[in-house]
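# Survey of secondary and tertiary structure
The residues making up each chain are set out below.
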Amino acid sequence: MEKAKEKKSNGGLIAIIAAAAVVVIGVVVALIFILGGNKGKLVGKWKSEYGSWYYNFTSETEGGYGTDAFDIPDQPFTYTDNGDSITIQYEGVTSSMTLNYRLEDDGKKLIVVDSFGSDTVYIRQ
């Protein structure tokens, strides 16, 4: 009789542990999708709406700034996407700059607030 009670008690404990494990796994998967969902949202080429200048984010940490108007190479940089701003460090420049940005039109437009406080619109290419 004692062993039957012990088995029943262990079965309940195992069920509770299994349910808790399922909940933990579910939360981890949800966090991965939520936090990782915006990964790489800037990667790609973004050309100025009214000009030839563009950002070319080649990875989640590197890119270049350039123009189609002249035959000059892109100015390479590393960057950090802070969610609503990007911190850019150009090669050969000692100080970095942080620019606010937002995405509009289902991620087809990148609006960067330039160093003068004006919105500059870039279109995903």
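Residues numbered from 1 in each chain as written. Predicted model: local features only at pLDDT ≥ 70, side-chain atom pairs only at ≥ 80, totals over all residues. Heavy atoms only, no water.

With that settled, consider the sheet that holds strand S6 (residues 97-104). Read once around its circumference, the closed barrel built from eight strands follows the order S1-S2-S3-S4-S5-S6-S7-S8, with strand pairing classed as antiparallel. Strand-to-strand, the axes of this sheet are offset by a mean angle of 35 degrees, without reference to chain direction. Sheet topology places strand S1 (residues 44-48) next to strand S2 (residues 53-57); four bridges connect them, and they run antiparallel. Opposite Lys-47, over in S2, you have Tyr-54 as the bridge partner. (Pairing = 2+ DSSP bridges. Helix = DSSP H or I, 4+ residues; strand = E, 2+ residues; numbered from the N terminus. Axes fitted to C-alpha atoms, helices over the stretch in contact; angles between N-to-C directions.)

What follows deals with the packing of aromatic side chains. Inspection of every chain in the model, using the stated rule, returns nine aromatic pairs. Geometrically, the ring pair formed by Tyr-55 and Phe-77 is edge-to-face, given 6.2 Å between the ring centres and 75 degrees between the ring planes. Note that Tyr-55 is positioned in strand S2 and Phe-77 in strand S4 (residues 75-81), a separation of 22 residues in sequence. By relative accessible area, Phe-77 is classed as buried at 3%. Considering the side-chain rings of Phe-57 and Phe-77, the 5.8 Å spacing of their centres and the 70 degrees angle between planes classify their relative orientation as edge-to-face. Taken as a pair, Phe-57 in strand S2 and Phe-77 in strand S4 lie far apart in primary sequence, 20 residues in all. One exposure class covers both Phe-57 and Phe-77, and it is buried. (Phe/Tyr/Trp six-rings, centres within 6.5 Å; stacked < 30°, edge-to-face > 60°. Buried < 20%, exposed > 50% of the residue type's maximum accessible area, 1.4 Å probe, protein only.)

Further remarks concern unusual backbone geometry. Here Asp-105, not a glycine, exhibits a phi torsion of approximately 55 degrees, which is positive. Along the chain, Asp-105 turns up in the loop between S6 and strand S7 (109-113). Residue Asp-105 is classed as partly exposed on the basis of its relative accessible area, which comes to 45%.

Residues of the protein with pLDDT of at least 70 account for 69%, and the chain-wide mean is 82. Counting contacts from residues 19-24, a segment whose pLDDT is below 50, to residues more than four positions away or on other chains yields zero contacts. When the criterion is pLDDT under 50, residues 26-37 qualifies, and its contacts beyond four places in sequence or with other chains add up to two contacts. (pLDDT = per-residue confidence, 0-100. Contact = heavy atoms within 4.5 Å.)

Another aspect to go through is the environment of Gly-51. Relative to the helices and strands, Gly-51 resides in the loop between S1 and S2. Distance from Gly-51 to Val-121, taken between C-alpha atoms, is 10.0 Å for residues 70 residues apart in sequence.

This part is about the pairing of S1. Hairpin remark: S1 followed by S2, antiparallel, with four residues in the connecting loop. Of the pairings in the sheet, the one linking S1 to strand S8 (residues 119-124) comprises three bridges and is antiparallel in character. Residue pairing for S8: Trp-46 is matched across the bridge by Arg-124.

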